[in-house]
Structure formats: structure tokens, C-alpha cells
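Descriptive analysis of the structure
Listed here are the chains, written in short residue letters.
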Amino acid sequence: MRILKNIELIKFPELDEIDAGILENNLSRFLDRLQLGDNDVLSLSYKEYSKGGLRKQHEIKAKLVFSGKTFSASETDWKFLETIQTVLKKIEKEVLKSTSK
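The text that follows walks through the structure, step by step, so that each part is easy to find. Fair warning: this is a prediction, and the values are worked out from it, not measured in the lab.

Concerning the side chain of E75
Within the secondary structure, E75 is located in strand β4 (residues 69-77). E75 gets classed as buried once you look at its relative accessible area, which sits at 19%. A distance of 2.6 Å separates the side chain of E75 from the side chain of K90, its partner in a polar contact. If we skip the residues at most four places from it in the chain, E75 touches H58, E59, I60, T83, T86, V87 and K90.

Structure, rendered in C-alpha cells:
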């Protein structure tokens, strides 16, 4: 499933219109800040955990191929969109740390 150029979503759940819009805004901001080239790809994979209760934990693993280098980050949390935001911040921080040297 691809919603934006350079972004691949793996095993993502169906989102309602509002959550899909928020997700797309987060990903667009991420792309704007890092300015990915044509060969750069961000892959986000999703996994859900439930321990028998009603609540589910969401695990997001991110892998970014940027300027020939590979960066990765992961996050597990109870709130789906917050988990995505956190993993994007982590991976952006890694890229900025590596490119500022």
C-alpha cells in the first residue's frame, strides 16, 4: 500500500478518513523536512499486539533508505498515530545526526 511517493506501508490496518488524513499529513511533513530523492524510500511496517484485553498495542518499524544509507527505528505504544509520529521523529533525528557530520 502506497499513499505517497517514496513511502511504503506494510501490513497497515484500514484507517478511517480522519486517521488516514492525519497519517498523510504526518508523512508529508516528514518528506518535506528530509527532502527525499527519487531513489530514497521509507518503509513502515505495522504489527498489533493484544494481551487478551480490549486494548491493543501498535508496533511500527521504520526503515529509510536515504542517500544510499539505511536508517531504522521502531516504537511500540497504545495509540496508533502517536506511535507513527514517534517513530518518524526517531528516524528523522538519526538522519539529521548522520548528515550533520
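Considerations on the sheet that holds strand β2 (residues 41-49)
Within the open sheet, the four strands sit side by side as β1-β2-β3-β4. Their pairing is mixed. Edge strands, defined here as strands with exactly one partner in the open sheet, are β1 (7-10) and β4. Averaged over neighbouring strand pairs, the angle between their axes works out to 15° when direction is ignored. Running over the sheet, helix α2 (residues 80-99) touches β2, β3 (57-66) and β4 and is turned about 150° from β4.

Describing unusual backbone geometry
Phi at Q35 is positive, roughly 50°, even though this residue is not glycine. Even without being glycine, S67 reaches a positive phi, approximately 55°. As for its placement among the helices and strands, S67 is situated in the loop between β3 and β4.

A short note on the packing of aromatic side chains
Tallying each qualifying case throughout the model produces three aromatic pairs. Consider the rings of F12 and Y46, whose centres lie 5.9 Å apart with planes at 50°: the pair is tilted. Note that F12 is positioned in the loop between β1 and α1 (17-34) and Y46 in strand β2, a separation of 34 residues in sequence. The class of Y46 is buried, set by a relative accessible area of 9%. A centroid spacing of 5.4 Å and a plane angle of 80° characterise the contact between Y46 and F80, whose relative ring orientation is edge-to-face. Of this pair, Y46 sits in strand β2 while F80 is found in helix α2, placing the two residues 34 residues apart along the sequence. In this structure an aromatic cluster arises from ring pairing among F12, Y46 and F80. Between the NZ or CZ atom of R55 and the centre of the ring of W78, over which it lies, the distance is 4.1 Å.

Cut-off values and rules
- Residues numbered from 1 in each chain as written.
- Predicted model: local features only at pLDDT ≥ 70, side-chain atom pairs only at ≥ 80, totals over all residues.
- Heavy atoms only, no water.
- Helix = DSSP H or I, 4+ residues; strand = E, 2+ residues; numbered from the N terminus.
- Buried < 20%, exposed > 50% of the residue type's maximum accessible area, 1.4 Å probe, protein only.
- Polar contact = N/O pair within 3.5 Å; in protein donor to acceptor, adjacent residues only side chain to side chain.
- Contact = heavy atoms within 4.5 Å.
- Pairing = 2+ DSSP bridges.
- Axes fitted to C-alpha atoms, helices over the stretch in contact; angles between N-to-C directions.
- Phe/Tyr/Trp six-rings, centres within 6.5 Å; stacked < 30°, edge-to-face > 60°.
- Lys NZ or Arg CZ within 6 Å of the ring centre and 35° of its normal.

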